[in-house]
Structure formats: C-alpha cells, structure tokens
Amino acid sequence: MDNKANNYDIPKRDGSVWPEDICPAYTPREDAIPSIKGCWYCKYADFHLKEERALEVGICKWPKKIID
C-alpha cells in the first residue's frame, strides 16, 4: 500500500487521509511539532488518538474540531 503524502487544494471532508497529507485547512493541535505539518497533527483529523489503538488512516472531519 502506497502512503505517500498528498497535498489537497481543499479539505477532504469525510474522506480518508494519511498522516502526512496536508490541505489549506490544516490547523495544528496544541501538541503538534511546529516543523512538521500534516493531517496527523491537525485538529480536524480523526485518527482515534484518544482510543486504545490509533488508526493508520484517518478521516477528515473539517470543519468540526476533533482534538485541540
């Protein structure tokens, strides 16, 4: 499975996103690493980070924030 980063022109609302993907709606979470941008660190991406096991592929929930 190829998981290269994608750069979207618009948010991929309700679509699957890889951790390295990025779009103009990228909004970093409080714990984000400043030099790294991608869906993994975006407030709008749902990777089930508060669950016991995180997902490898997340879902973009823009404009609903998932984690601050």
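Structure: above.
Here the structure is a predicted model, which is why all the values come from computation and not from measurement. (Residues numbered from 1 in each chain as written. Predicted model: local features only at pLDDT ≥ 70, side-chain atom pairs only at ≥ 80, totals over all residues. Heavy atoms only, no water.)

Caption draft 1: Layout of the sheet that holds strand 2 (residues 45-46). The sheet built from three strands is open, its strands ordered 1-3-2 with antiparallel pairing. Edge positions in the sheet fall to strand 1 (16-17) and strand 2, since each has one partner strand and no second. Bridge analysis of strand 2 against strand 3 (residues 58-60) gives two bridges, and the strand direction is antiparallel. Residue pairing for strand 3: D46 is matched across the bridge by I59. (Pairing = 2+ DSSP bridges. Helix = DSSP H or I, 4+ residues; strand = E, 2+ residues; numbered from the N terminus.)

Caption draft 2: Seen up close, the environment of W18. Mapping W18 onto the fold places it in the loop between strand 1 and strand 2. Put simply, W18 and W40 are 22 residues apart on the chain and 7.5 Å apart in space, counted from C-alpha to C-alpha.

Caption draft 3: Up close: the nonpolar core. Counting residues in hydrophobic clusters, the biggest one holds 13 residues, and the most contacted among them are V17, Y26, C39, C42, A45 and F47. Those residues in contact with A45 that lie beyond four places of it in its chain are C39, I59 and I66. (Core = buried A, V, L, I, M, F, W, Y, C linked by side-chain atoms within 4.5 Å. Buried < 20%, exposed > 50% of the residue type's maximum accessible area, 1.4 Å probe, protein only. Contact = heavy atoms within 4.5 Å.)

Caption draft 4: Spotlight on unusual backbone geometry. Across the junction of W62 and P63, the peptide omega takes the value 10°, indicating a cis bond. Its place among the elements puts P63 in the segment after strand 3. Located in the positive-phi region is D14, a residue other than glycine, with phi close to 65°. In this fold, D14 is placed in the segment before strand 1. By relative accessible area, D14 is classed as exposed at 54%. Of note, the phi angle at H48 is positive, near 55°, even though the residue is not glycine. The topology assignment puts H48 in the loop between strand 2 and strand 3. By relative accessible area, H48 is classed as partly exposed at 34%.

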